[in-house]
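This is what each chain is made of:
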Amino acid sequence: MADVAIKDISRGNDAAVNRSQALNKFRQNDTLFFHLTRSAALLVLALLFAIVLSLIYGAWPALSHFGLNFFVSQTWDANAEEFGALATIYGTLVTSLIAMLIAVPVGLGIAVFLTELCPMRLRRPIGIAVELLAGIPSIIYGIWGFFVFAPFLQQTLQPFLITLFGPVPVLNAVFAGPPYGLGTLTAGLILAIMVLPFIASVSRDVFETVPPVMKEAAYGIGCTTWEVVRNVVIPHTRAGLVGGVMLALGRALGETMAVTFVIGNAKQISASILQPGTTISATIALEYAEASEGLYRSSLVALGLILFIISFIVLAVARLMLARLNKLGA
Amino acid sequence: MVSYAARKRKNSITMGLCTAAALFGIMWLLLILVVLVWEGFSGLSLAVFTEITPSMGSVGGGLLNAIIGSIMMTVVAVLVGAPLGVLAGTYMAEYGRYNKLTNVVRFINDILLSAPSIVIGLFIYEVLVAPFGGFSGWAGAAALAVIVIPVVVRTTEDMLLLVPGQLREAATALGLPRSIVIKQVAYKAAITGIVTGVLLAVARVSGETAPLLFTALSNNFLSLDMGQPIASLPVVIYNFTKTPDENMQQLAWTGALLITFTVLAMSISARALSTRKKK
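Reading the values: rules and limits
- Residues numbered from 1 in each chain as written.
- Chains lettered and ligands numbered in written order.
- Predicted model: local features only at pLDDT ≥ 70, side-chain atom pairs only at ≥ 80, totals over all residues.
- Heavy atoms only, no water.
- Contact = heavy atoms within 4.5 Å.
- Buried area = accessible area lost by both parts, 1.4 Å probe.
- Salt bridge = Lys/Arg side-chain N within 4 Å of Asp/Glu carboxyl O.
- Polar contact = N/O pair within 3.5 Å; in protein donor to acceptor, adjacent residues only side chain to side chain.
- Helix = DSSP H or I, 4+ residues; strand = E, 2+ residues; numbered from the N terminus.
- Buried < 20%, exposed > 50% of the residue type's maximum accessible area, 1.4 Å probe, protein only.
- Axes fitted to C-alpha atoms, helices over the stretch in contact; angles between N-to-C directions.
- Parallel < 35°, antiparallel > 145°, perpendicular 65-115°, else oblique.
- Left-handed = near helix turned anticlockwise from the far one by under 90°.
- Nonpolar A, V, L, I, M, F, W, Y, C, P; charged D, E, K, R; others polar.
- UniProt positions renumbered as here; feature names shortened; annotations may be inferred.
- Phe/Tyr/Trp six-rings, centres within 6.5 Å; stacked < 30°, edge-to-face > 60°.

Turning our attention to the interface of chain A and chain B. The accessible area lost on association of the parts is a frequent measure of interface size. Contacts between chain A and chain B engage 86 residues on the former and 82 residues on the latter. Across the chain A/chain B interface, buried area totals approximately 7,600 Å², and carbon plus sulfur atoms make up 82% of it. Looking only at chain A, the three residues that lose the most surface to chain B are F33, W226 and R319 of chain A, adding up to 9% of its buried area. For R7 of chain B, the salt bridge is made with E227 of chain A, and the minimal N-O distance between the two is 2.8 Å. In this assembly, chain A and chain B are joined by 8 residue pairs in polar contact (both at pLDDT 80 or more). Per element, the largest residue contribution to the side of chain A that touches chain B is 22 residues, and it comes from helix 2 (residues 19-66) of chain A.

A few words on the side chain of T95 of chain A. All names here are of chain A. One can find T95 in helix 4 (residues 86-117). The class for T95 is buried, based on a relative accessible area of 1%. A polar contact is formed between the side chain of T95 and the backbone oxygen of G91, at a distance of 2.8 Å.

Below, the discussion takes up the packing of helix 2 of chain A against helix 6 (residues 137-162) of chain B. The contact between helix 2 of chain A and helix 6 of chain B brings their axes to 11 Å, and the two run at 135°. With respect to their mutual orientation, helix 2 of chain A and helix 6 of chain B come out oblique. Both helix 2 of chain A and helix 6 of chain B take part in a crossing whose hand is left-handed. Residues L43, V44 and L47 of chain A of helix 2 of chain A lie in contact with helix 6 of chain B, whose contacting residues are V146, I149 and V153 of chain B. Its residues assigned to classes, the contact of helix 2 of chain A with helix 6 of chain B comprises 6 nonpolar, no polar and no charged.

A few words on the UniProt feature "transmembrane region" (unreviewed entry) in chain B. UniProt records the feature "transmembrane region" (unreviewed entry) for residues 12-38, 63-87, 107-129, 135-153, 185-205 and 251-273 of chain B in the present numbering. With 96% helix and 0% strand, the stretch residues 63-87 of chain B has end C-alpha atoms that lie 36 Å from each other.

Right, let's get into the packing of aromatic side chains. Residue and element names in this part refer to chain A. On inspection of all chains with the given rule, the structure shows 24 aromatic pairs over all chains. Between F70 and F71 the ring centres are 5.9 Å apart and the planes differ by 85°, which places this aromatic pair in the edge-to-face class. Under the relative-accessibility criterion, F70 is labelled buried at 0%. On the numbers, 5.8 Å between centres and 40° between planes, the contact of F146 with F261 is tilted. Taken together, the residues F146 in helix 6 (residues 138-155) and F261 in the loop between helix 12 (257-260) and helix 13 (280-287) connect sequence positions 115 residues apart.

Mapped onto this structure's residue numbering, the UniProt feature "domain: ABC transmembrane type-1" (unreviewed entry) falls at residues 67-270 of chain B. As annotated, residues 67-270 of chain B has a helix share of 78% and a strand share of 0%, and its two end C-alpha atoms lie 22 Å apart.

Attention shifts here to the pattern of salt bridges. Inspection of every chain in the model, using the stated rule, returns 13 salt bridges over all chains. With its nearest N and O atoms 2.9 Å apart, the salt bridge here joins E293 of chain A to R297 of chain A. Judged by relative accessible area, which is 59%, E293 of chain A ranks as exposed. Across the salt bridge formed by R106 of chain B and E157 of chain B, the nearest N and O atoms sit 2.7 Å from each other. Separated by 51 residues along the polypeptide, R106 of chain B in helix 4 (residues 100-113) and E157 of chain B in helix 6 bring together distant segments of the chain. You can call R106 of chain B partly exposed: its relative accessible area is 25%. Given a relative accessible area of 2%, E157 of chain B falls into the buried group. Through salt bridges with shared partners, one network takes in E131, R204 and D205 of chain A together with R271 of chain B.

Dropping the structure here:
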């Protein structure tokens, strides 16, 4: 091994290698490599700072011009150069909320099914399939949503919801017609389908950190599967589950392509989730390339900054929760 | 005390719900794949790979320029991002395993790993597109590289941490300096893992659309010039889906099928590599 290494650094030198020369070279290469790797690690830090700084720099004209008003106004008028972020922030939060309301219970159900109920022979193939699906690019969900899912909803689920909740106060405002197909609900449902495999595979991984002895002990005293899940598995993995769900929420908040096609892009806050809305990412994707320099473009960057801050907080909490689980497991 | 029958009933209800959830969720995901394959295959022909994107209202055409643009940008992004990611991961696992810097970098890297990709597009626009006069393939590749780096950092660190300490100790005992221990012992032991990480990174970037929208833009013609706007599969799919032109919509489906196929192939080979290593 040692002579391989020496040959490596004194290539082409056939004469006997001077020992101290070789040592010097070793030392130099060592320091060089150390600094090389350290700079690469620092680059990762620099990258995040650069992203934040560039967003602040780009957003500054809009933020200083509109001030706090930017966060509470829902006007978005390119001709009058009047911009406010409220409608887009609202849309981002509501679509993600809808997605989480559906994807979390179903995803956890899949994870429980995979770890406790599924026949052994099917466990691996289904688990792998779910993991692979988690890697499908979001534009696929977007195009499917636009061509297939939105028209489907327009003809089935949406008219059904409108007639079902029509006589119920409050809910009839939430599900007020007409059925456009495109809108906040459709975007939320697509997001739900998109983060579903992600939640399922993260929770399955988390469930598998439960030591089998603990489950066996619970089964041994006569617990049913549900009781084992409820009283052993979930308490043991609570931090990890919250972390995984937050990670999925981070994805849903920042998701662009799955939402852009089906959200309808209307900058309004309407009580009905069947109406078109918009999200931060959809607004940026649809308008940035054509936006005029100045306040318009700067306002879009300001939206990006808001999105980045929201998802930074969500992701940071997620990582801290997951780290806590690892500490417990170790 | 709850009776046994009641407990059993509760159990069958909740477990039934879990099974239903699994069937329901998997049904939707399968449905998407079936529609995708159905719609995508019906437009698949040789022309897709040999002709450039059609203009509005014309017939025929393919995705040649988009495929080539995607490949070029992905290759550049991986060539830039993967070495940087491997080096950073090396520092975290080999030199700074127990220090503060590594913890901070790991935390920040995990954030970057799931940061909204459209924000990365905005970032590259601010630092590369606006100051250097316009959309270009280089800017698109840079945006993709920013996505590649955290994926590779993460897997490299994880894989190097799996290399047993005794291997390093044995090499050090022979008098090898640290950099050579890392390069010739640790890397060799972790190489399949690192390659897996790079494959996963390729899978991740080959479907990324948002960061390319206003960095690489798109191009209706075949262009090999990375200094100019360049077409890519995801952006072409995005643009064609929005048109009312049926021919273009068909190409969007076919492109979507190609991307899904690429991504699945990458992740399956990454998985095959990593399971082979475990044996």
